[in-house]
Amino acid sequence: GVPSAPPPPAEPALQPASHVPAFPRWVHRLSEYLERVPQRLDLWLMPSYSSVIYHHLRAGELAQALCTFEEMKVEGEVPSHAVYEMLIRGCTIAMRRVGQGEVPDHLTSNMLKVVMRLWKDMHEMERRPDYWTYNELIRAFGKAGAVPQALELFEHMCGNVRLLPEERAFNSMYEMCVLSGNYAAALQVFDEHEELRKSLWKPRYTPVSFSLLLAAVAREGDDLHKRIQQLPRVLALMDRHAVYPRAEACEKLLSACIATREIGLAAEVMSLIERVGQDVDPEIAARARRTIGEGEGGAARSLDEPAVEAKLERRDSSSS
């Protein structure tokens, strides 16, 4: 008989690469030691009211931090800007965010009252609020659902050179408007953002800014048809910053374009999806292509109607 061919040699199994540390061990030990230096300094130095308040807030002990703050004032020590900002942030963290159509609960209402007392006390102590204090107050207003107060405070910041907002304040405003359902207000903040970028200040955009702006443009609502018109502005701005929406965001944009019958915007979003290579839901993509095709067919028919009418008129005149 014919001898059978020898079996092919087995491919060697892939072995995991041996671990090679990026840095020698002494670098990690030195880094861990340096991280503990501030804590050691707190143990060596005489504790201050500010450091005690800071440690209480780090441990989630807001009530103890506020008690220490009152004791600090009784002792005649004037709190610093950092103390006020830490306490306002602590109250904001303790709040429960007020969603669209909701009212603040008892705890959130009380926390907002404490924030306003701190704000009033800051002025009485002749501590002039700076940009960081205003930003913390905007966050507190936003989480407590006090949208009109936050918008008023933001307008004051935009009109004061010393308090001009940058990306943190803008993102706080975008987040507040979107989570509270005030999408039109988010787009007004967007207009203010663009105006400030024409000046020397030029506050930056971040991926968080773009994500919230897309939500403000495409979320369902009575004015969706009006808001969706801002989508080309946002997409063009994202393209200039080389930031592109994720697949989930693209699906929501397509759904909004289909719901409002914005054929041109749907085609623009589909072009972006194909250019970036996002893997969107095939069903939503098929619906978008079908809607775009129907819109283009309707436009072609509308363009042919004058020629058809003229042809009918010529036929009627010749028959008469």
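As the structure is a computational prediction, the values presented were derived from the model and not from experiment.

Examining the layout of surface pockets
Reasoning step 1: Each pocket or cavity is described by its volume, and for the largest pocket that value is around 420 Å³.
Reasoning step 2: Around the largest pocket, the lining is made up of 21 residues, and of these Leu 214, Ala 215, Glu 248, Ala 249 and Lys 252 lie nearest the centre.
Reasoning step 3: Mapped by element, the contributors of at least two residues to the lining of the largest pocket are α10 (207-218) and α13 (247-259).
Reasoning step 4: In terms of residue count, the dominant contributor to the lining of the largest pocket is α13 (7 residues).
Reasoning step 5: For the lining of the largest pocket, a count of residues per class yields 14 nonpolar, 2 polar and 5 charged.
Reasoning step 6: Of the volumes computed, that of the second largest pocket is approximately 210 Å³.
Reasoning step 7: Lining the second largest pocket are Tyr 54, His 56, Leu 57, Arg 58, Gly 60, Glu 61, Leu 62, Met 86, Arg 89, Gly 90, Ile 93 and Ala 94.
Reasoning step 8: Of all the secondary-structure elements, those providing two or more residues to the lining of the second largest pocket are α2 (49-58) and α4 (81-94).
Reasoning step 9: No other element matches the 5 residues that α4 contributes to the lining of the second largest pocket.
Reasoning step 10: Among the residues making up the lining of the second largest pocket, the classes are represented as 6 nonpolar, 3 polar and 3 charged.

Quick word on a nonpolar patch on the surface
Reasoning step 1: Taken together, the side chains of Trp 26, Leu 30, Tyr 33 and Leu 34 make up a nonpolar region of the molecular surface, amounting to roughly 430 Å² of accessible area.
Reasoning step 2: Considering the arrangement of structural elements, one finds Tyr 33 in helix α1 (residues 25-44).

Structural notes on the confidence of the model for the chain
Reasoning step 1: For the chain, mean pLDDT is 87; residues scoring 70 or higher make up 83% of the total.
Reasoning step 2: Low confidence marks residues 299-305, where pLDDT is under 50. Its contacts with residues over four positions away, or in another chain, come to 0 contacts.

As for the pattern of salt bridges
Reasoning step 1: Under the criterion given, the structure shown has 15 salt bridges.
Reasoning step 2: One salt bridge connects Lys 73 with Glu 70, and the closest N-O pair in it is separated by 3.8 Å. Highlighted residues: Lys 73 and Glu 70, both in helix α3 (residues 62-74), separated by 3 residues, approximately one helical turn.
Reasoning step 3: Of the residues examined, Glu 70 reaches a relative accessible area of 43% and is grouped as partly exposed.
Reasoning step 4: Residue Arg 275 pairs with Asp 239 through a salt bridge whose shortest N-O separation is 3.4 Å.

Comments concerning the packing of α10 against helix α12 (residues 231-240)
Reasoning step 1: Contact pair α10 / α12: the axes reach a minimum separation of 10 Å and the direction vectors enclose 165°. In terms of their interaxial angle, α10 and α12 are classed as roughly antiparallel. For the crossing formed where α10 meets α12, the hand is left-handed. For the pair α10 and α12, contact is made by Phe 210, Leu 213, Leu 214 and Val 217 and by Leu 231, Val 234, Leu 235, Leu 237 and Met 238, respectively.

Focus: the environment of Met 238
Reasoning step 1: Secondary-structure assignment places Met 238 in helix α12.
Reasoning step 2: In this structure the C-alpha to C-alpha distance between Met 238 and Phe 210, which are 28 residues apart in sequence, comes to 7.0 Å.
Reasoning step 3: For Met 238, the residues in contact, after removing those within four places along its chain, are Phe 210, Leu 214, Val 243, Tyr 244 and Pro 245.

What counts, and where the lines are drawn
Residues numbered from 1 in each chain as written. Predicted model: local features only at pLDDT ≥ 70, side-chain atom pairs only at ≥ 80, totals over all residues. Heavy atoms only, no water. 1 Å grid on protein atoms, 1.4 Å probe; cavity = no way out; pocket = protein on both sides within 12 Å on 5 of 7 lines; lining within 4 Å. Points joined across faces, edges and corners; volume = space filled by probe spheres on them. Helix = DSSP H or I, 4+ residues; strand = E, 2+ residues; numbered from the N terminus. Nonpolar A, V, L, I, M, F, W, Y, C, P; charged D, E, K, R; others polar. Patch = residues over 30% accessible without salt bridge, like charges linked within 9 Å, V, L, I, M, F, W, Y side chains within 5 Å. Areas by Shrake-Rupley, 256 points an atom, 1.4 Å probe, with all protein chains shown as cover. Salt bridge = Lys/Arg side-chain N within 4 Å of Asp/Glu carboxyl O. pLDDT = per-residue confidence, 0-100. Contact = heavy atoms within 4.5 Å. Buried < 20%, exposed > 50% of the residue type's maximum accessible area, 1.4 Å probe, protein only. Axes fitted to C-alpha atoms, helices over the stretch in contact; angles between N-to-C directions. Parallel < 35°, antiparallel > 145°, perpendicular 65-115°, else oblique. Left-handed = near helix turned anticlockwise from the far one by under 90°.

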